[in-house]
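# Overview (structure and organization)
Residue-level listing of the chains:
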Amino acid sequence: MTTNATPPATAATREALGVTLVRLRNEGLDIVVVDADLGASTTARRFKTEFPERWFPFGVAEQNMFSAAGGLSTMGFTVFASTFAVFAEHAYDQIRMSIAQPNLNVKIVVSHAGVTVGEDGASAQSIEDIAVFSSLQNFRVLVPADVNEAAAAIEIAARTSGPFLIRTGRSKERVIYAEGMPFQLGKADRLREGTDVTIAAAGIMVSRALDAAATLANEGISARVLNMSSVRPLDEEALVAAARDTGAVVVAEEHLAYVGIGAMCAQALASEYPVPMEFVAIPNRYGESGTSNQLLELMGLTTEHIVSAARRAVERKAR
Amino acid sequence: MVATTSSDLSALTARMRRNIVRMVYGVQSGHIGGSLSATDIMAVLYASVLRHDPKRPDWADRDRFVMSKGHCTPVQYATLAEMGYIPVEELDTFRKQGTRLQGHSVLGKPVGVENSAGSLGMGLSFGLGIALGARLRGQNDVTAYVLMGDGEQQEGQVWEAAMAASYHKAGNLVAIIDRNRIQNDDFTANQMETAPLGEKYRAFGWAVREGLDGHDFAQILDGLTWARDYKGQPACVIFETIKGKGVSFMENNPGFHGAAPNAEQFETAMRELGEGA
């Protein structure tokens, strides 16, 4: 993939939603959008301005919204439903029975995921949504690394039949992909070559993984960086190749460790090609109020944490 | 349509009830009471009201029937068999490994089942989505009919959907309530009284007909066609029914919500339902 060299622009992944939906509708896709009073925050509301007849408000009632989204999709529409990640979890059984099990054409784009939502505190910080939605059969789960990959994820979801969950966030993060990059379902993107260790990252941790790899290079450690934005399906082939080529894997994610992407990667590698692994992820606790950066520090989700984890992984190889 | 006269409907519903009892007896599990209470409603709906064509189950302009009380698959499958969606013999596979006829409704299994259900309270929302989609498509003849139980009215999601349906003026959405006054464990009044149901729906902005006899073909037809023809806002028709209707020892008996009859009970039930008559 091509990466932007200069200057490091920043944007939140949620910013991709509204503009991308408008663009795709203008390209003729049969999109409708359902909303639960958060369209301004998820940015979906931009679609309402352009296509008010295709915008269905459901108030603060996520259970009804997700079941209705399933019904709407049976009339042939590509239905986008967006809310905060924690409020999608509020309707887990509705998503399970009205969308996942019948394999309906509904795309859920959650925003404000992870601890980077910040000051709102524990109740607003979804640290388990990847586990929750990965547990639903038929769902594809995508965790884009930046605003341009988020746009690409939304587009592939719109153009592919069946349920999707796309995780976006509120914090402004460095843009690492060029606009218009294509999303490849089930493919990890190798952003940096390396031979000593692989850092497999998703979401906001991808840019931090790239920074960590640069730091490690100064220490003589060559780190491969994989963007694991396609969580389901997961690119097990790329993981096994990384394990074989580099002999150690660090997984970095803004999510609970024991039910997260790291756990999925560990399962894949344990049965195919076990190597030392380290996990940069949220420990067993809920979040709290604070700035994004304070919470990333508190949870152990900084570039420095990735660097330390990579060093440990490399040391363990030598044992 | 299959049956439009009262005697036709009597014969049709007797066959359906026998099939319901046979299915549940055959696999010794399934929800018999709420299936028997809804049998007459389902028969009139499919025979005389619902715009559907078993030969073209994917007909875009068909009405949609949404089974929200998804445990009552025996009456749903018995209806689909009578209408020609599936062979009657297939009912023998009910709830058995490898069957299309699962214990609770699964969308597309068989074709004619329009939603997945089992967790209660979701069908009205799903039907609302269909209704809104049909209106956006300009399919103005399409009506979404949602069958719910009265115990199901305890689910909060029902009222989210009720509020949203009137807000969206979903005149092409019909809620049908099978008011048999018994739920899983006990009489509804002993678990969580849902009365006054009609007043609740009116307060939520719906047009309501209530107090109709859900075992009187003429009253059922009257209620359903009234609800179908009511435009501008969603309509709710509440049918008073008897759980276990048609089998003396099952009628109004909370013990036959989810229990299967034994051999002796089965013989009695089939005799009462006119087998061999």
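Starting afresh in each chain, residues are numbered from 1 along the sequence in its written order. Chains carry letters from A onward and ligands carry numbers from 1 onward, assigned in written order. Since the coordinates come from a predicted model, pLDDT governs what is reported: local features require at least 70, and pairs of side-chain atoms require 80 or more to be given and counted, while whole-chain, interface and lining totals use all residues. For side-chain calculations, the full set of non-hydrogen atoms in the structure is used, while hydrogens and water are omitted.

### Observations concerning the overall build of chain A
Counting its regular elements, chain A contains 13 helices and 14 strands. We compute the radius of gyration over the C-alpha atoms and compare it with the globule rule, which gives 2.2 Å times the number of residues raised to the power 0.38. Here the C-alpha atoms of chain A give a radius of gyration of 19 Å, agreeing with the 20 Å that 2.2 N^0.38 yields for 319 residues. Across its three principal axes, chain A shows a C-alpha extent of roughly 60 × 40 × 35 Å. When a residue's accessible area, from a 1.4 Å probe over protein chains only, is under 20% of the maximum for its type it is buried; when over 50% it is exposed; and in between it is partly exposed. Looking at chain A as a whole, 63% of its 319 residues are labelled buried. By definition, residues are in contact when any of their heavy atoms lie within 4.5 Å. Taking as baseline every contact in chain A between residues at least 6 positions apart, the subset at least 24 positions apart corresponds to 79%. Secondary structure elements follow DSSP: runs of H or I no shorter than four residues count as helices, runs of E no shorter than two count as strands, and numbering proceeds from the N terminus.

### Section: the interface of chain A and chain B
Facing the 27 residues of chain A at the interface are 24 residues of chain B. Two parts lose some accessible area (1.4 Å probe) when they are put together, and adding that loss for both gives the buried area. Around 2,100 Å² of area is buried between chain A and chain B when both sides are counted, 63% of it from carbon and sulfur atoms. Of all residues in chain A, A:Asn64, A:Met75 and A:Met97 bury the most surface against chain B, accounting for 29% of the area lost on that side. Criterion for a salt bridge: a side-chain nitrogen of Lys or Arg within 4 Å of a carboxyl oxygen of Asp or Glu. Put simply, chain A and chain B have 1 salt bridge between them. Notably, a salt bridge pairs B:Arg137 with A:Asp30, separated by 2.6 Å at the nearest N-O pair. Elements with a contribution of two residues or more to the side of chain A that touches chain B: strand 3 (55-57), helix 4 (62-73) and helix 6 (92-100) of chain A.

### Structural notes on empty space enclosed by the protein
Residues and elements named next belong to chain A. Residues are said to line a cavity or pocket when one of their atoms sits within 4 Å of a point; the points come from a 1 Å grid over protein atoms alone, cavities being sets where a 1.4 Å probe fits but cannot get out and pockets being open sets with protein on both sides within 12 Å along at least five of seven lines. Grid points are joined across faces, edges and corners, and a volume is the space filled by probe spheres set on the points. Within this structure, the stated rule accounts for 3 cavities of 30 Å³ or more. Here the largest cavity defines a volume of roughly 90 Å³. Thr13, Ala113, Thr116, Val143, Pro144, Arg167, Thr168, Gly169, Gly203, Ile204 and Glu254 are the residues that line the largest cavity. For the lining of the largest cavity, the class distribution of residues is 4 nonpolar, 5 polar and 2 charged. In this entry, domain limits derive from an automatic or database-based domain assignment. Here the lining of the largest cavity spans two domains, since at least three of its residues come from each of domain 1 (11-174) and domain 2 (189-318). The calculated volume of the second largest cavity comes to roughly 70 Å³. For this scheme, ten residues count as nonpolar: Ala, Val, Leu, Ile, Met, Phe, Trp, Tyr, Cys and Pro. Four count as charged, namely Asp, Glu, Lys and Arg, and the remainder, Gly too, count as polar. Of the residues that constitute the lining of the second largest cavity, the class distribution is 5 nonpolar, 2 polar and 3 charged.

### Some details on the domain arrangement of chain A
Residues and elements named next belong to chain A. Under the domain assignment, chain A is made up of domain 1 (11-174) and domain 2 (189-318). Using C-alpha coordinates to define each centre, domain 1 is positioned 26 Å away from domain 2. Of the residues lining the interface, 29 residues belong to domain 1; the matching set on domain 2 comes to 33 residues. For the pair domain 1 and domain 2, the summed buried surface comes to about 2,400 Å²; carbon and sulfur atoms form 55% of the total. If you sort the residues of domain 1 by the area they bury against domain 2, Val115, Ile127 and Arg174 come out on top, with a joint share of 25%.

### Thoughts on the sheet that holds strand 10 (residues 197-201) of chain A
Residue and element names in this part refer to chain A. Strands are treated as partners if at least two bridges between them are detected by DSSP. Spatial ordering of the open sheet is given by 9-11-10-13-14, a layout of 5 strands whose pairing is mixed. Only two strands of the sheet have a single partner each, and these edge strands are strand 9 (189-192) and strand 14 (277-282). For this sheet, the mean angle separating the axes of adjacent strands, direction not counted, is 25 degrees. As judged from the 4 bridges shared by strand 10 and strand 13 (residues 249-256), these two strands associate in the parallel manner. Looking at strand 13, one finds that Thr198 is bridged to Val249. Angular values range over 0 to 180 degrees, each being the angle between N-to-C directions of two axes fitted as lines to C-alpha atoms, with helices fitted over their stretch in contact.

### Some remarks on the side chain of A:Thr246
All names here are of chain A. By the element assignment, Thr246 lies in helix 10 (residues 236-246). Here Thr246 falls in the buried class, since its relative accessible area comes to 2%. Filtering out sequence-adjacent residues up to four positions away, Thr246 remains in contact with Gly194, Thr195, Asp196, Val197, Thr198, Arg224 and Lys317.

### Observations regarding helix 1 (residues 16-26) of chain A
Residues and elements named next belong to chain A. Within helix 1, burial applies to Ala16, Leu17, Gly18, Thr20, Leu21, Val22 and Leu24. For helix 1, the secondary structure elements touched by its buried residues are strand 2 (31-35), helix 2 (39-42), helix 3 (45-50), strand 4 (78-84), strand 5 (106-111) and helix 8 (147-159). Gly28 sits one or two positions beyond helix 1 and adopts a positive phi of about 100 degrees.

### Quick look at the nonpolar core
For the purposes of this section, nonpolar cores are sets of buried Ala, Val, Leu, Ile, Met, Phe, Trp, Tyr and Cys residues that join through side-chain atoms within 4.5 Å. Grouped together as the largest cluster of nonpolar side chains are 82 residues, with contacts concentrated most on B:Leu124, B:Leu173, B:Tyr201 and B:Trp206. Element by element, the count of residues in this core is highest for helix 4 (residues 123-137) of chain B, at 7 residues. Residue assignment places this core across two domains, with domain 1 (11-174) and domain 2 (189-318) of chain A each supplying three or more. In contact with B:Leu124, not counting residues within four places along its chain, are B:Ser68, B:Val146, B:Met148, B:Val158, B:Ala161, B:Ala162, B:Leu173, B:Ala175, B:Tyr201 and B:Trp206. A:Val22, A:Val109, A:Met205 and A:Ile282 belong to the second-largest nonpolar core, a separate cluster that totals 64 residues.

### Considerations on the sheet that holds strand 4 (residues 207-213) of chain B
Backbone hydrogen bonds hold the strands of a sheet together, and the pairing may be parallel or antiparallel. Residues and elements named next belong to chain B. Ordered in space as 1-2-3-5-4, the 5 strands form an open sheet in which the pairing is parallel. What marks the edges here is a single partner per strand, and that holds for strand 1 (64-67) and strand 4. Ignoring strand direction, the axes of neighbouring strands in this sheet form an average angle of 20 degrees. As defined by bridge partners, strand 4 adjoins strand 5 (residues 235-240) across 5 bridges and the pair is classed as parallel. Across the sheet, the residue bridging to Val208 is Cys236, located in strand 5. Relative to strand 3 (residues 173-179), helix 2 (residues 33-49) is tilted by about 150 degrees, and along the sheet it contacts strand 1, strand 2 (144-149), strand 3 and strand 5. Each of strand 1, strand 2 and strand 3 is contacted by helix 4, which is oriented at about 175 degrees to strand 2, the strand it contacts most.

### Comments concerning the pairing of strand 13 of chain A
The side chains of a regular strand alternate between both faces of the sheet. Residues and elements named next belong to chain A. Across the 8 residues of strand 13, 8 count as buried, placing the element largely inside the fold. For strand 13 and strand 14, the ladder comprises 5 bridges, and the chain directions are parallel. Following the sheet pairing, Val249 is matched in strand 14 by Met277. Viewed with both strands pointing away, a crossover whose connecting path from the first strand over the helix to the second turns clockwise is right-handed. Taking the sense of rotation as the criterion, the β-α-β connection linking strand 13, helix 11 (residues 261-272) and strand 14 turns out right-handed.

### Examining the packing of helix 10 of chain A against helix 11 of chain A
Residues and elements named next belong to chain A. Their axes nearest at 10 Å, the elements helix 10 and helix 11 cross at an angle of 60 degrees. For the element pair helix 10 and helix 11, the recorded crossing hand is right-handed. Residues Glu236, Leu239, Val240 and Ala243 of helix 10 touch helix 11, and the partners they reach there are Cys265, Ala268, Leu269 and Glu272. Grouping the amino acids of the contact of helix 10 with helix 11 by side-chain chemistry returns 6 nonpolar, no polar and 2 charged. A clockwise turn of the near helix away from the far one marks a right-handed crossing, whereas an anticlockwise turn of less than a right angle marks a left-handed crossing.

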